[in-house]
Amino acid sequence: DMVLDLAGVLDFAFGPGPVCLVGNSFGALVAVEFARRFPKRTAGLVLIDGHLGNAGFAEGMVRTLSMRGAGAERAIAESFRLLAQGRPASERRRS
């Protein structure tokens, strides 16, 4: 659970007080979920180019981020190729 991992890192680095989180791309999804689960620990959010809830996006991103080596490079290249074609996120996920 990435949100609980983030909470642990923040506990270690800053203690239990509120923090301002900056989330970029998939990190925006993690930051929003952290704020939802831990509202008293969230002083603010900065979301940059976030992807916040397309069906299946989080699962697909976790799968891609868990890849290593040539498989990861192929998956990322394919995602960018489809993005450059202007295909919507829902179509890119199915490809």
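Right above here is the structure, for reference.
Residues numbered from 1 in each chain as written. Predicted model: local features only at pLDDT ≥ 70, side-chain atom pairs only at ≥ 80, totals over all residues. Heavy atoms only, no water.

**Looking at helix 1 (residues 2-14)**
Thinking step 1. For helix 1, built from 13 residues, the straight-helix expectation of 18 Å at 1.5 Å per residue is met to within 8% by its first-to-last C-alpha distance of 18 Å.
Thinking step 2. Considered for burial, the residues of helix 1 that qualify are Val3, Ala7 and Leu10. Looking straight down helix 1, one finds its buried side chains confined to an arc of 65°; they lie on one side. Turned more than 90 degrees away from the buried face of helix 1, the exposed residues are Asp5, Val9 and Phe12.
Thinking step 3. On the buried face of helix 1, the contacting elements are strand 1 (19-24) and helix 2 (26-37).
Thinking step 4. Of the residues that open helix 1, the one with a side-chain oxygen 2.9 Å from the backbone nitrogen of Val3 is Asp1. (Helix = DSSP H or I, 4+ residues; strand = E, 2+ residues; numbered from the N terminus. Expected span 1.5 Å × (residues − 1). Buried < 20%, exposed > 50% of the residue type's maximum accessible area, 1.4 Å probe, protein only. Arc of directions from axis to C-beta. Contact = heavy atoms within 4.5 Å. Polar contact = N/O pair within 3.5 Å; in protein donor to acceptor, adjacent residues only side chain to side chain.)

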